[in-house]
Amino acid sequence: MRRNLALLAVTLLAPAAFALSTTNSDNAALVLADMALSRGDCKGGTERYVKAAMSTNDAQISERANKIAAECQQISASARAARRWQKLEPDSPGAAAAVALAAVRLYQPEEASAAILKTRELGGDEALVKLIGELSDSGGTAITLDTLRPLLDAPEVSEKLLAAGADLALEAFDFSTAHKLADRMLANEPASGYARRSE
């Protein structure tokens, strides 16, 4: 992980130095944060980045702080940065997805559900399907599936969303739902490979 953090710090250092509309003290804090990350100091680097995110209106810093905190497994810090990012960019599906991911990892189902639905509202099925995969990897299958049930039961649902829902149901061991979604895909597109996954 130390090598990954060093690469992450190098990747982020240039944008932090040249793209910010912050004070000199904020810029200095970000440089120090990147230096901490390059040394493998996850906690120190994350704390500095999140502190900077909270003191600036630059949404890119909040986004960066969220990603760093998530990489460092600093979930509470990731949630703070994600909420700040969403406050600064309320129309960003990426920010909504970040809030959802952090809320799932913190076992906060109400916030997670609201953010999942917000992600779809802002980014459509493409953003939602991407988020479903990330939530599944984070252990959020149950929360995600419960949130999506009304969407999956709607008369018109895209094949990609049906497929993602079926995969999610299989991971949650909800075989009844998985088969129901697969049957809908098969009815819509008999030749679809997605429709045969749960057979």
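Structure: above.
Residues numbered from 1 in each chain as written. Predicted model: local features only at pLDDT ≥ 70, side-chain atom pairs only at ≥ 80, totals over all residues. Heavy atoms only, no water.

Peer 1: Help me understand the side chain of Thr177, please; the structure alone is not making it clear to me.
Peer 2: Checked against the element boundaries, Thr177 lands in helix H10 (residues 175–188). With sequence-adjacent residues up to four places away left out, Thr177 is seen in contact with Arg149 and Ala169. (Helix = DSSP H or I, 4+ residues; strand = E, 2+ residues; numbered from the N terminus. Contact = heavy atoms within 4.5 Å.)

Peer 1: What exactly am I supposed to notice about the pattern of salt bridges here?
Peer 2: In the structure shown here, the tally under the stated rule is 8 salt bridges. Note that Arg83 and Glu111 form a salt bridge whose closest N and O atoms lie 2.9 Å from each other. Of this pair, Arg83 sits in helix H5 (residues 75–88) while Glu111 sits in helix H7 (residues 109–137); the two residues are 28 residues apart in sequence, bridging distant segments of the chain. According to the relative accessible area criterion, Arg83 is partly exposed, its value standing at 34%. (Salt bridge = Lys/Arg side-chain N within 4 Å of Asp/Glu carboxyl O. Buried < 20%, exposed > 50% of the residue type's maximum accessible area, 1.4 Å probe, protein only.)

Peer 1: Where do I start with a nonpolar patch on the surface in this structure?
Peer 2: Judged by side-chain polarity, Val31, Leu32 and Met35 come together as a nonpolar surface patch covering roughly 230 Å² of accessible area. Note that Met35 resides in helix H2 (residues 24–38). (Patch = residues over 30% accessible without salt bridge, like charges linked within 9 Å, V, L, I, M, F, W, Y side chains within 5 Å. Areas by Shrake-Rupley, 256 points an atom, 1.4 Å probe, with all protein chains shown as cover.)

Peer 1: Mind showing me how you'd approach the layout of surface pockets here?
Peer 2: Over the atoms rolls a probe the size of a water molecule, and in doing so it shows where empty space is left. As a volume, the largest pocket reaches approximately 330 Å³. Taken together, 18 residues form the lining of the largest pocket, with Gly94, Ala97, Ala98, Leu101 and Glu134 sitting closest to its centre. For the lining of the largest pocket, the secondary-structure elements that each account for two or more residues are helix H4 (59–71), H5, helix H6 (93–105) and H7. Among the elements that take part in the lining of the largest pocket, H6 stands out by supplying 7 residues, more than any other. (1 Å grid on protein atoms, 1.4 Å probe; cavity = no way out; pocket = protein on both sides within 12 Å on 5 of 7 lines; lining within 4 Å. Points joined across faces, edges and corners; volume = space filled by probe spheres on them.)

Peer 1: Quick question: what am I supposed to make of the nonpolar core here?
Peer 2: Considering soluble globular proteins, one finds that nonpolar side chains tend to be buried as a cluster. One finds Ile116, Leu128, Leu131, Ile132 and Leu148 to be the most contacted residues of the largest nonpolar core, which totals 35 residues. Mapped onto this core, the elements with two or more residues apiece are H5, H6, H7, helix H8 (141–152), helix H9 (159–171) and H10. With 8 residues, H6 is the largest single contributor of residues to this core. Apart from residues lying up to four places away in sequence, Ile116 is in contact with Ala100, Leu128, Leu131, Leu135, Thr144, Thr147 and Leu148. (Core = buried A, V, L, I, M, F, W, Y, C linked by side-chain atoms within 4.5 Å.)

Peer 1: Looking at this model, I keep getting lost on H8. Mind explaining?
Peer 2: Residues three or four positions apart in an α-helix share a direction because the helix packs 3.6 residues into each turn. Residues of H8 that are buried: Thr141, Ile143, Thr144, Leu145, Thr147, Leu148, Leu151 and Leu152. The secondary structure elements touched by the buried residues of H8 are H7, H9 and H10.

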